[in-house]
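# Observations on chain architecture
For reference, the chains in residue letters:
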Amino acid sequence: MSLNTPNRDSFTNKFGIIAAAAGSAIGLGNIWRFPYVLGESGGGAFLLIYILFVIIIGVPVMISELLIGRKAQLSVFGAFRKLAPSQHWNLVGVMGVGAAFLILAFYSVVAGWTLQYVYLSLTNSLAGSTPNELIAVFERVQANKGLSAFWTILFLGGTAFIVRAGIEKGIEKYTKILMPLLFLIILVLIIRSLTLDGASAGLKFLFNPDFSKLTSDVILEALGQAFFSLSIGMGVIVTYGSYIKKSESLGGTALSVSLADTIIAVLAGIAIFPAAFAFGMAPDQGPGLVFITLPNIFNKMVGGYVFGLLFFILLTIAALTSSISLLEVVVAYFTEELNLLRSRATWIATAVIGILAIICAFSSNVFNIFDKVSSNILLPLGGLLIVIFVGWVMGSKKPREEIEADGRKAHYYNGFLFIIKFVAPIAITLVFLKGLGWI
Ligand code: PHE
């Protein structure tokens, strides 16, 4: 029997909620951002520290968000209003809304590039290009700001349309089929990438940690990337928690989503770096890395036209299931806190984000600032407040009750509590202050 409030939808089965949360988590963060940040951060050592952060910070923050959502049966603002002793905790929700604005703005630009690559693949414009020509193609895409702005707005408009109509669940139905397909294409890409001459240098770059590269800056980047990729620290996952049945395991859900997310990111790295090295491209290309490297692989494989086209279409869809969850945070805020109608809330939010997105399309400085401020500052700070809330403010009984509401004893509970009370808050604070140069 479900103990959820009767009028709140809940996902009918375990796969439903995992697919939906994974839809938010898996996106450009895994395939575009992870490889490029890793490439700029020196490779293997970044990977190790990234995985460490996912385990000791990411999973506990995700469990905390899920349990807040399921306990309150509300999205992030209502949840803190219901569970928190003082309204100051609203700050988590407000910071989340701020982060959603910034992230959606630059995210839409990258999704706009992805759409342009769908078009370029469709018209077969990338076929036969040399590695240098492909670099030039990306530079042209980036330089043509008007066109970039056009595709950016197209993507954002699509996101708004889906959120306004409230048909995310419909989209999520397809993602259950489409995301495994994206996974399969990445596997095919990996096979081709690894069989290129000179591929092993890329594997070495990815898996041979050079610890001299681990500066405090790189460590902060890894933390920010973990938060960004898992969609945590801003309340997105709180909302998903409110839809999970009491009979489901929160720990199991957090673990499955984090595992799927990390596997996709690592696989994207295994597809990209061997090819980048084989084609003589620098791993620290920056934001163009995936767009420059992958078409080289498509050009060197049987059926490259179909694979390339399908890949960029699926990447757009992966981006869409993430952008929907971002816009949903803002719309929930506008409807729940400011009492706006859903359609009005959607269009106002989209108009403001659209202006910010156009600014990002025109200025790579603003793009970078939005990216860094949200991933490296707002999300870790949100995560810090969330674990402090669950660890120190909710009391030790309530979180346990919620986690064990599925009727099974959570043997990991004491470990979890120790992490959210001490390990995660201290780690986030240290990485944060050091990365910003404050200590
Ligand atoms: N996790 C998403 C991705 O990797 C981006 C995202 C961040 C979505 C924060 C929601 C909240 O593409």
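Residues numbered from 1 in each chain as written. Predicted model: local features only at pLDDT ≥ 70, side-chain atom pairs only at ≥ 80, totals over all residues. Heavy atoms only, no water.

Let me state the cut-off plainly: UniProt positions are given in the numbering used here, feature names are shortened, and annotations may be inferred rather than shown by experiment.
You'll find the protein entered in an unreviewed UniProt entry as Transporter, with Thermophagus xiamenensis given as the organism. Its UniProt record gives the protein the following Subcellular location (unreviewed entry) comment, quoted word for word: "Membrane". In the Sequence similarities (unreviewed entry) part of its UniProt record, the protein is described as follows: "Belongs to the sodium:neurotransmitter symporter (SNF) (TC 2.A.22) family."

### Examining the packing of helix α2 (residues 28-40) against helix α12 (residues 250-278)
For clarity, the cut-off: Helix axes use the C-alpha atoms of the stretch in contact, all axes being lines fitted to C-alpha atoms, and the angles between their N-to-C directions lie in the range 0 to 180 degrees. Only DSSP runs of H or I reaching four residues or more are called helices, and only runs of E reaching two or more are called strands; each is numbered from the N terminus. Note on convention: the crossing is left-handed when the near helix lies turned anticlockwise from the far helix by less than a right angle, right-handed when the turn is clockwise. Should any heavy atoms of two residues lie within 4.5 Å, those residues are counted as being in contact.
For the pair α2 and α12, interaxial distance at closest approach is 9 Å and the crossing angle is 60°. The two elements α2 and α12 meet at a crossing, and its hand is right-handed. Residues Asn30, Ile31, Phe34, Pro35, Leu38 and Gly39 of α2 form the contact with α12, whose participating residues are Asp261, Ile264, Ala265, Val266, Ala268, Ile272 and Phe273.

### Examining the environment of Gly304
Definition in use: The classification of residues rests on relative accessible area computed with a 1.4 Å probe and restricted to protein chains. Under 20% of the type maximum is buried, over 50% is exposed, and intermediate values are partly exposed.
Here Gly304 lies in helix α14 (residues 304-337). By relative accessible area, which is 11% here, Gly304 ends up buried. Here the alpha-carbon distance between Gly304 and Leu189, two residues 115 residues apart in the chain, equals 9.8 Å.

### A few points about the site of the ligand
As a reminder, the rule being used: The nearness test applies per residue and asks whether one of its heavy atoms lies within 4 Å of the molecule or strand. With residues, only the protein chains shown are counted as cover, and all accessible areas are computed by Shrake-Rupley using a 1.4 Å probe. For this classification, Asp, Glu, Lys and Arg are treated as charged, while Ala, Val, Leu, Ile, Met, Phe, Trp, Tyr, Cys and Pro are nonpolar and the rest, including Gly, are polar.
Close contacts around the ligand come from 15 residues, with Ala25, Gly29, Tyr107, Phe228 and Ser231 the closest. Here the ligand has 320 Å² of accessible area as a free molecule, and 100% of this is covered by the chains. Of all elements in the fold, only α1 (14-25), α2, α10 (216-230) and α14 reach the threshold of two or more residues within the shell around the ligand. A class-by-class count of the residues in the shell around the ligand yields 7 nonpolar, 8 polar and no charged.

### Details of a nonpolar patch on the surface
Put simply, the rule reads: Residues enter patches when their relative accessible area tops 30% and they take part in no salt bridge; the joining distance is 9 Å for like charges and 5 Å for the nonpolar side chains Val, Leu, Ile, Met, Phe, Trp and Tyr. Each reported salt bridge corresponds to a side-chain nitrogen of Lys or Arg within 4 Å of a carboxyl oxygen of Asp or Glu.
Together, Trp392, Val393, Phe418, Phe422, Ile426, Leu430, Trp438 and Ile439 make up a nonpolar patch on the protein surface, roughly 870 Å² of accessible area in all. The set of elements that each furnish at least two residues to the nonpolar patch consists of α16 (364-393) and α18 (413-435). Inspection of the secondary structure puts Leu430 in helix α18. Looking at Leu430, the relative accessible area reads 48%, which means it is partly exposed.

### Topic: the nonpolar core
Our working definition: For this analysis, a nonpolar core means a set of buried residues of the types Ala, Val, Leu, Ile, Met, Phe, Trp, Tyr and Cys, connected via side-chain atoms within 4.5 Å.
Trp32 and Phe311 are the most contacted members of the largest nonpolar core, which totals 160 residues. When near neighbours in sequence (up to four residues on either side) are disregarded, Trp32 contacts Phe106, Val110, Trp113, Pro287, Val290, Phe291, Phe367 and Asp371.

### Side note on helix α15 (residues 342-362)
To be explicit about the condition: The span one expects for a helix is its residue count, reduced by one, times 1.5 Å. Starting at the helix axis, one direction is taken to each C-beta atom, and the arc is that of these directions.
When the terminal C-alpha atoms of α15 are compared, their 30 Å separation across 21 residues agrees well with the 30 Å that a helix rising 1.5 Å per residue should span. Those residues of α15 not exposed but buried are Ala345, Thr346, Ala349, Thr350, Ile353, Gly354, Ala357, Cys360 and Ala361. Here the buried residues of α15 occupy an arc of 160° about the axis, which is enough to place them on one side. Residues Arg344 and Ile355 are exposed on α15 and point more than 90 degrees away from its buried face. The elements touched by buried residues of α15 are α5 (90-122), α7 (145-165), α14 and α16.

### Structural notes on unusual backbone geometry
Here the phi dihedral of Ser231 falls at roughly 60°; this positive angle occurs in a residue that is not glycine. Its location among the elements puts Ser231 in the loop between α10 and α11 (236-242). Judged by relative accessible area, which is 10%, Ser231 ranks as buried. Phi at Asn339 is positive, roughly 55°, even though this residue is not glycine. Along the polypeptide, Asn339 turns up in the loop between α14 and α15.

### Topic: the pattern of salt bridges
Where side chains of opposite charge bring their charged atoms close, a pairing between them can arise. In this structure the tally under the stated criterion is 9 salt bridges. Linking Glu402 and Arg70 is a salt bridge whose minimum nitrogen-to-oxygen distance equals 2.7 Å. In this pair, Glu402 is assigned in helix α17 (residues 397-403) and Arg70 in helix α3 (residues 44-72), connecting sequence segments 332 residues apart. The two residues Glu402 and Arg70 agree in class, both being buried. Here the salt bridges share partners, and the residues they tie into one network are Arg70, Lys246 and Glu402.

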